[in-house]
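Examination of the molecular architecture
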Amino acid sequence: MKKILDLITEETVKAFAAAGYDAKYARVTLSNRPDLCEYQCNGAMAAAKEYHKAPIMIADAVAKELGGSKLFEDVQAVKPGFINIKVSAGFLSAYLNDMHKDERLGFEKAEHPRTIIIDYGGPNVAKPLHVGHLRSAIIGESVKRISRFAGHKVIGDVHLGDWGLQMGLIITELKERKPKLAYFDEGYTGEYPKEAPFTIAELEEIYPTASARSKEDTAYKEAAMQATYELQHGRKGYQALLGHILNVSVTDLKRNYVNLNVEFDLWKGESDVQPYIPDMVKEMEEKGYAHMSEGALVVDVSEETDSKEIPPCMLLKSDGASLYTTTDLATIVERMKLYHPDEIIYVVDKRQELHFIQVFRCARKCGLVDENTKLRFLGFGTMNGKDGKPFKTREGGIMRLEYLIRSINERMLEKIQESRPMDGAQAEEIAELVGLAALKYGDLSNQASKDYVFDADRFTSSEGNTGPYILYTIVRIKSILKKYEETGKKLPPDAEIGPYRSESEKALMLELVKFNAVMENAFEEAAPHKVCAYIYDLANAFNKFYHETKILGAEDEGLQDSRIQLLLLTRKALETCIDMLGFEAPERM
Ligand code: ARG
């Protein structure tokens, strides 16, 4: 379906032409004086310069042409040269009925679907998930869903961090604790056990212990670096251990992501792309892109127009070890080979921006990507505590994601039980759904690149711009619809949304018709916060309408049918949007 603004613009284009003016001036926008009109065109002001006429004369002539259109109830030329447009009730309800009949609420699928890989989550194996990974998961999941809804082929890849020193640290610590294990015996030629020699709880304890020790004990740190090196150069026992670490970790990670309603198509990691590195590096050398500098192999990526210096992209250190950059480049090679993406979006902490500038430039320079493959860095800001500093536990440590989620859910449960008595298990189930909405909406309603303050009290409030407020609105609609059903009435199959009868009904309709434009924009800008802003406005408009209007008590049956349809459409719009954000509404709250 065409966007409503486009339909209106089609009319103004005709009107400008009919009045003898260039149609390029016919652009229509939402009104910034909603008290006067819903839409406006300011083109007469610009046209005045070209035609050497007073803007109001042009506006008058165009308004006269527009006067005959069925789309509008009233068109006014206003000094100095605004054209104020009020849409007709018939046009508005016809548009809504078309939306209502369409599964996709009038948002058309992309005509030319593109393949988009979204690199998000990015947890590090064997380290517990912490809030730093939360934003990537929440934002990436939403961007994925929005892009998919827009009709593209979208592949979400978790891109595990499974290739760094942390692996060597774990191996070293394990060797200290259980030196007899076959994995450490270089002469061992048998099969390694299927069962991992540790549980997830042990693994999570091993890493921080080893990491702390390596900071004090140089010999230990060197052993860990050596183990990392040997692992990366094919030592069998260590690779078998890596397999165990991955298995145990990934099982645990999957459980965590399921709780967050986050789902990946690919569970690939840094270790998977290591085989691509030698050939990639060789080619970069042969083609003359890479050169030695201070013992390391680098590719220059600075550009003349840079306002600050962009250091060379390092491929291999002097000891031949590869780096984070090398892995990301090799990942691009693999992705191009296996999936031929038109675009790769990286949802990563914005503090890694320089790294991605280097990687993207290097990939382009060395021809790792097609000319028209877009590489996009979606850097997000930090989640801060109320003190404005990065979120920490009360003891000052890094907050684990599980605790954070639990604390939100507990807060939610308290609030639910305060508001009315409810069966315990049911209350818990609801608290989980609403808690997730509180957490995700609290994050997504901010522009991703900005820092934000994590405020459990505000996020779980049922008033204001929050997830629970949106869910309350949906639950309210559901309960009205349930009551309607209980009256035993059936909506006639041809029941339509009729012309509005009040200002608040019209305001609700005007919000609803924005749906496809909002989705298109949210997709193009990879901006879930635009979806949040939309549903907040929509929920406000609905609640105002609800408070001012008789729905089940409507004067006549036709009017009731129309309003029930309007409710169904509002629910559908809200539910579609929250699905794009990655959460859902309970039946009751
Ligand atoms: N594992 C990394 C970290 O925790 C994030 C990975 C981001 N993705 C990427 N392709 N580099 O910082």
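Scanning the chain for helices and strands turns up 20 helices and 13 strands. Judged by the C-alpha coordinates and their principal axes, the chain covers about 90 × 65 × 45 Å. Counting over 589 residues, the chain shows a buried share of 52%. A sequence separation of at least 24 residues applies to 74% of the contacts in the chain between residues at least 6 apart. As displayed, the chain offers around 27700 Å² of accessible surface, 50% of which is attributable to carbon and sulfur atoms. Charge centroids of the chain, computed over 76 positive and 92 negative side chains, lie 3 Å from each other.

For the rest of this paragraph, the subject is the pattern of salt bridges. All chains considered together, the criterion is met by 43 salt bridges. Among the ionic pairs, Lys 24 bridges to Glu 50, the shortest N-O distance being 3.5 Å. Of the two residues, Lys 24 is situated in the loop between α1 (4-18) and β1 (28-30) and Glu 50 in helix α2 (residues 43-51); the sequence distance between them amounts to 26 residues. Using a relative accessible area of 57% as the deciding quantity, one classes Lys 24 as exposed. Given the relative accessible area of 37%, Glu 50 is considered partly exposed. One salt bridge in this structure joins Arg 235 and Glu 230, with 2.6 Å as the shortest N-O distance. We classify Arg 235 as buried; its relative accessible area is 14%. Look at the salt bridges and you will find they share partners, linking Glu 141, Lys 144, Arg 145 and Asp 579 into a network.

So, on to the sheet that holds strand β6 (residues 153-157). Read across the open sheet, the 4 strands follow the order β6-β5-β10-β11; overall the sheet is parallel. Both outer strands of the open sheet, β6 and β11 (374-380), are each paired with one neighbouring strand and no more. Direction aside, the axes of adjacent strands within the sheet are offset by 20 degrees on average. Bridge count for strand β5 (residues 115-119) against strand β10 (residues 343-349) is 4 bridges, and the pairing is parallel. Pairing of Ile 116 across the sheet is with Glu 343, part of β10. Strands β10 and β11 of the sheet are contacted by helix α12 (residues 353-365), whose axis makes an angle of about 180 degrees with β11.

The end-to-end C-alpha distance of helix α4 (residues 89-101) is 18 Å, a good match for the 18 Å that 13 residues give at a rise of 1.5 Å each. All buried positions along α4 are accounted for by Ala 89, Phe 91, Leu 92, Ser 93, Tyr 95, Leu 96, Asn 97, Met 99 and His 100. Elements in contact with the buried residues of α4: α1, β4 (82-87), α17 (503-512), α18 (515-524) and α20 (557-581).

The subject of this paragraph is the packing of helix α5 (residues 131-149) against helix α14 (residues 424-444). Following both chains from N to C, one finds α5 and α14 inclined at 85 degrees, their axes separated by 10 Å at the closest point. By the angle between their directions, the pair α5 and α14 is classed as roughly perpendicular. For the pair α5 and α14, contact is made by Leu 134, Arg 135, Ile 138, Ile 139 and Ser 142 and by Leu 439, Lys 440, Asp 443 and Leu 444, respectively. Looking at side-chain class alone, the contact of α5 with α14 contains 5 nonpolar, 1 polar and 3 charged residues.

Our focus in this paragraph is the packing of aromatic side chains. Tallied over the entire structure, the rule returns 21 aromatic pairs. Measuring from centroid to centroid gives 5.4 Å for Phe 107 and Phe 149, while their planes differ by 45 degrees, and the two rings are tilted. Taken together, the positions of Phe 107 in the loop between α4 and β5 and Phe 149 in helix α5 put the pair 42 residues apart, joining distant regions of the chain. Each member of the pair, Phe 107 together with Phe 149, is buried.

Peptide bonds are, in most cases, trans, and in most cases residues other than glycine have a negative phi. The omega torsion of the bond from Lys 79 to Pro 80 falls at 0 degrees, within 30 degrees of zero and hence cis. On the secondary structure map, Pro 80 appears in the loop between β3 (72-78) and β4. The phi torsion at Asn 261 lies on the positive side, around 60 degrees, for a residue other than glycine. Relative to the assigned elements, Asn 261 resides in the loop between α9 (236-259) and α10 (277-286). Residue Asn 261 is classed as partly exposed on the basis of its relative accessible area of 25%.

Attention now goes to the site of the ligand. In the vicinity of the ligand, the contacting residues are Asp 119, Gly 122, Asn 124, His 133, His 159, Tyr 324, Asp 328, Tyr 346, Val 348, Gln 352 and Phe 356. Between the ligand and the protein, one listed contact pairs a nitrogen atom with a backbone N or O atom of Gly 122 at 2.9 Å. One nitrogen or oxygen atom from the side chain of Tyr 324 is found 2.8 Å from a nitrogen atom belonging to the ligand. Of all elements in the fold, only α11 (324-339) and β10 reach the threshold of two or more residues within the shell around the ligand. Its residues assigned to classes, the shell around the ligand comprises 4 nonpolar, 5 polar and 2 charged.

With antiparallel pairing, the 3 strands of this open sheet are ordered in space as β7-β8-β9. Bordering the open sheet on either side are β7 (290-293) and β9 (313-316), each of which pairs with just one other strand. The average undirected angle you get between the axes of adjacent strands in this sheet is 45 degrees. As paired strands, β7 and strand β8 (residues 296-299) are joined by 4 bridges and run antiparallel to one another. In the strand pairing of β8, Ser 293 is matched with Ala 296. Set on the sheet, α10 makes contact with β7, β8 and β9; between it and β8 the angle comes to about 70 degrees.

What follows covers α10. When we look at burial in α10, the residues that qualify are Ile 277, Met 280, Val 281 and Met 284. An end-on view of α10 places all buried positions within 95 degrees of arc, on one side of the element. Exposed positions of α10 whose direction lies more than 90 degrees from the buried face are Pro 278, Asp 279 and Glu 286. Packing partners of the buried residues in α10 comprise β7, β8, β9, α11 and α12. Downstream of α10 by a residue or two, Gly 288 has a phi angle that is positive, lying close to 80 degrees.

Reading the values: rules and limits
- Residues numbered from 1 in each chain as written.
- Predicted model: local features only at pLDDT ≥ 70, side-chain atom pairs only at ≥ 80, totals over all residues.
- Heavy atoms only, no water.
- Helix = DSSP H or I, 4+ residues; strand = E, 2+ residues; numbered from the N terminus.
- Buried < 20%, exposed > 50% of the residue type's maximum accessible area, 1.4 Å probe, protein only.
- Contact = heavy atoms within 4.5 Å.
- Areas by Shrake-Rupley, 256 points an atom, 1.4 Å probe, with all protein chains shown as cover.
- Lys, Arg positive; Asp, Glu negative; His and termini not counted.
- Charge placed at Lys NZ, Arg CZ, Asp CG, Glu CD.
- Salt bridge = Lys/Arg side-chain N within 4 Å of Asp/Glu carboxyl O.
- Pairing = 2+ DSSP bridges.
- Axes fitted to C-alpha atoms, helices over the stretch in contact; angles between N-to-C directions.
- Expected span 1.5 Å × (residues − 1).
- Parallel < 35°, antiparallel > 145°, perpendicular 65-115°, else oblique.
- Nonpolar A, V, L, I, M, F, W, Y, C, P; charged D, E, K, R; others polar.
- Phe/Tyr/Trp six-rings, centres within 6.5 Å; stacked < 30°, edge-to-face > 60°.
- Near = heavy atom within 4 Å.
- Polar contact = N/O pair within 3.5 Å; in protein donor to acceptor, adjacent residues only side chain to side chain.
- Arc of directions from axis to C-beta.

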